[in-house]
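These are the residues of each chain, in order.
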Amino acid sequence: MREQYRSTPLDEADLPADPMEQFVHWFKDAAAGHLHEPNAMIVSTAAADGRPSSRTVLLKHFDDDGFVFYTNYASRKGRELDANPHVSLLFPWHPLARQVIVTGAAARVGQEETALYFRTRPRGSQLGAWASAQSSVIGTRGELLRRYEEFAARYPAGERVPVPPDWGGYRVTPETVEFWQGHENRLHDRLRYVRTGSGTWRIERLCP
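Definitions and limits used
Residues numbered from 1 in each chain as written. Predicted model: local features only at pLDDT ≥ 70, side-chain atom pairs only at ≥ 80, totals over all residues. Heavy atoms only, no water. Core = buried A, V, L, I, M, F, W, Y, C linked by side-chain atoms within 4.5 Å. Buried < 20%, exposed > 50% of the residue type's maximum accessible area, 1.4 Å probe, protein only. Helix = DSSP H or I, 4+ residues; strand = E, 2+ residues; numbered from the N terminus. Contact = heavy atoms within 4.5 Å. Axes fitted to C-alpha atoms, helices over the stretch in contact; angles between N-to-C directions. Left-handed = near helix turned anticlockwise from the far one by under 90°. Phe/Tyr/Trp six-rings, centres within 6.5 Å; stacked < 30°, edge-to-face > 60°. Lys NZ or Arg CZ within 6 Å of the ring centre and 35° of its normal.

S.K.: Even after reading the chapter, I still don't get the nonpolar core, so can you show me in this structure?
M.R.: As a rule of thumb, soluble globular proteins bury nonpolar side chains together. Membership of the largest hydrophobic core comes to 30 residues, with the highest contact counts inside it found for F23, L89, F91, W93 and V100. The set of elements that each furnish at least two residues to this core consists of α1 (19-32), β1 (40-46), β4 (66-72), β5 (86-93), β6 (98-108), β7 (167-181) and β8 (189-195). If one sorts the elements of this core by residue count, α1 sits on top with 5 residues. Residue contacts for L89: discarding those within four places in its chain leaves M41, I42, V43, F67, V100, I101, V102 and V172.

Here it is as structure tokens:
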């Protein structure tokens, strides 16, 4: 299975000096193109022994400081990030023949930032964060549902649900950001921003 991409070339001269500015531009294009969950990204981590794992997570915030997502800190990705903070993020915007690949280091966000975000989540998602010991083995779905109902009774409608103690955010500070634009004959554009020692960015073109 193969598709010929027909897209506008991505040229170095058209890129801003900062990768986050370019990310904003492409993210707006993905949202305007009505892609399903354009903030979905593949988060790849590795254990201390180098064994990798990947999963799809929703990006919840981004700014000049990096990309933020939330999870259970005791989950597999949480444990791996605590042991090895190096991470890769992939935004697979296939309908636009585009990808963005970020590499960098992840660090936990502050408790206040986590609490502010947690309060914006639907009540069901808040309760689900309490009910699910993410990545741990569970016997049946019924057991998970029972745990959910227990927390729903503990925190009835109208009462604030507190943030679980083992739940919170990670901010990925980018070290490289690659913008991939597909073209015909596999002659894709791959332009990568690389953070320099002085904190500025260098743009380099990669062979497809």
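S.K.: Mind showing me how you'd approach the packing of helix α4 (residues 123-131) against helix α5 (residues 141-154) here?
M.R.: How two helices pack is summed up by the angle between their axes together with the distance between the axes. Contact pair α4 / α5: the axes reach a minimum separation of 9 Å and the direction vectors enclose 115°. Of the two possible hands of crossing, α4 and α5 adopt the one that is right-handed. Residues R123, G124, L127, G128, W130 and A131 of α4 form the contact with α5, whose participating residues are L144, R147, Y148, F151 and A152.

S.K.: I tried to follow the packing of aromatic side chains on my own but got confused; where do I start?
M.R.: We describe a pair of aromatic rings using the distance from one ring centre to the other and the angle between the two ring planes. Inspection of the entire model under this criterion finds 21 aromatic pairs. Seen from the ring of Y73, R108 lies directly overhead, with NZ or CZ sitting 3.7 Å from the centre.

S.K.: Would you take a moment to explain the side chain of Q99 for this structure?
M.R.: By the secondary structure assignment, Q99 is in strand β6. With a relative accessible area of 19%, Q99 lands in the buried category. Once you skip the residues sitting within four places of it in the chain, Q99 turns out to touch W26, L90, F91, E178, F179 and W180.

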